[in-house]
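One letter stands for each residue in the lines below.
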Amino acid sequence: MMRAAVAAAADADPRDVPVGAVVFDARGRELARATNAREALGDPTAHAEVLALRRAAAVHGDGWRLEGATLAVTLEPCTMCAGALVLARVGKVIFGAWEPKTGAVGSLWDVVRDRRLNHRPEVRGGILEQDCVALLGAFFKNQR
C-alpha cells in the first residue's frame, strides 16, 4: 500500500510538495489516489489526503463514510488531514515520513487517537520511511 502512495507522490506537480495518498477498501482494493495540489489548484485544502478521501467517498458507495478503509500516505498527516480521517471514519492510517513540525498523528499532536473523539483509526508510521524522506529531500533541495 505504501508503494502505491510513493508512486502517487512521484506524479505530483513540480510546484507542489510531493506527498502521495491512496485509499484502499477493506479488501485492499484501491479506491482513489491523489497528490498534493495546493499550488496547482490554488487551494489551501488540496492536501493529498483530503483529495484522496473526497475521491474515495465518491466511489465507495456509502456516502462519506470510509469505514474499514486504509489510507496510505507518504508524510504524516497534518491537523486538517487527521481531522478529515476521523470524520471519514477511516479504519487505518499508514504513513512513511514523520513530520515533527506539523504532524498530527503522533509527532506534534495526536489528533486521531484523542479519546474525546468518536472514532480513532489504527495508525502505523515509518513505513518505507527512507523512500518517503528521499522524495521530500529531493524536492526541497531543488527549491533552495
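A quick note: this is a predicted structure, and the numbers were derived from the prediction, not measured. (Residues numbered from 1 in each chain as written. Predicted model: local features only at pLDDT ≥ 70, side-chain atom pairs only at ≥ 80, totals over all residues. Heavy atoms only, no water.)

Q: Sorry, what's going on with the sheet that holds strand β2 (residues 30–35) here?
A: By definition, the strands of a sheet pair up through backbone hydrogen bonds, in either a parallel or an antiparallel sense. In spatial order, the strands read β2-β1-β3-β4-β5; together these five strands make up an open sheet with mixed pairing. A single partner strand is all that each edge strand has here, and the edge strands are β2 and β5 (122–124). Neighbour to neighbour, the strand axes of the sheet diverge by 15° on average, direction disregarded. Strand direction decides the pairing type here: strand β4 (residues 92–97) and β5, joined by three bridges, are parallel. Within the sheet, the bridge partner assigned to Ile94 lies in β5 and is Arg124. (Pairing = 2+ DSSP bridges. Helix = DSSP H or I, 4+ residues; strand = E, 2+ residues; numbered from the N terminus. Axes fitted to C-alpha atoms, helices over the stretch in contact; angles between N-to-C directions.)

Q: Help me out: how do you make sense of the pattern of salt bridges in this one?
A: Pairing between side chains of opposite charge can happen when the charged atoms of each approach one another. Counted according to the given criterion, the structure contains six salt bridges. Here Arg29 makes a salt bridge to Asp25, at a shortest N to O gap of 2.8 Å. Note on Arg29: relative accessible area 47%, which makes it partly exposed. With a relative accessible area of 9%, Asp25 lands in the buried category. Residue Lys92 is joined to Glu122 by a salt bridge in which the shortest nitrogen-to-oxygen separation is 3.8 Å. One end of the pair, Lys92, is in strand β4; the other, Glu122, is in strand β5, and 30 residues separate them in sequence. (Salt bridge = Lys/Arg side-chain N within 4 Å of Asp/Glu carboxyl O. Buried < 20%, exposed > 50% of the residue type's maximum accessible area, 1.4 Å probe, protein only.)

Q: How do you make sense of helix α3 (residues 48–60) when you look at a structure like this?
A: Along an α-helix, residues three or four apart share an orientation, since each turn contains 3.6 residues. The terminal C-alpha atoms of α3 lie 18 Å apart, and with 13 residues this matches the ideal 18 Å at 1.5 Å per residue to within 8%. Residues Ala48, Glu49, Val50, Leu51, Ala52, Leu53 and Ala56 constitute the buried set of α3. Contacts made by the buried residues of α3 are with β1 (20–24), β2, β3 (70–75) and α4 (79–87). Positive phi shows up at Gly61, right after α3, with a value of about 95°. (Expected span 1.5 Å × (residues − 1). Contact = heavy atoms within 4.5 Å.)

Q: What's the story with the environment of Cys78 in this structure? I'm lost.
A: Within the secondary structure layout, Cys78 lies in the loop between β3 and α4. Given a relative accessible area of 16%, Cys78 falls into the buried group. Taking the C-alpha atoms as reference, Cys78 lies 20 Å from Trp64; in sequence the two are 14 residues apart. Beyond its immediate sequence surroundings of up to four residues, Cys78 is in contact with His47, Glu49, Thr102 and Ala104.

Q: What's the story with the nonpolar core in this structure? I'm lost.
A: In summary, soluble globular proteins display a tendency toward joint burial of nonpolar side chains. Among the nonpolar cores identified, the biggest contains 43 residues, and Met2, Val19, Val23, Leu53, Leu66, Leu71 and Val90 are the most heavily contacted of them. For this core, the elements supplying multiple residues, two or more each, are α1 (2–10), β1, β2, α3, β3, α4, β4 and α5 (129–143). (Core = buried A, V, L, I, M, F, W, Y, C linked by side-chain atoms within 4.5 Å.)

Q: How do you make sense of the side chain of His119 when you look at a structure like this?
A: Tracing the chain through its elements places His119 in the loop between β4 and β5. Among residues more than four places away in sequence, those in contact with His119 are Leu85, Val86, Arg89, Val90, Gly91 and Val112.

Q: Whenever I open this one, the packing of aromatic side chains confuses me. Can you help?
A: The geometry of an aromatic ring pair is captured by two quantities: the separation of the ring centres and the angle between the planes. Applying the stated rule across the entire model yields two aromatic pairs. Between Phe95 and Trp98, the ring centres sit 4.7 Å apart and the planes meet at 85°, which makes this aromatic pair edge-to-face. What makes Trp98 partly exposed here is its relative accessible area of 37%. A ring pair is formed by Phe139 and Phe140, whose centres lie 5.0 Å apart and whose planes are at 80°; its orientation type is edge-to-face. Given the relative accessible area of 12%, Phe139 is considered buried. Classification of Phe140 as partly exposed rests on a relative accessible area of 34%. (Phe/Tyr/Trp six-rings, centres within 6.5 Å; stacked < 30°, edge-to-face > 60°.)

Note that every value here comes from positions in space, so none of it alone points to a role or purpose.
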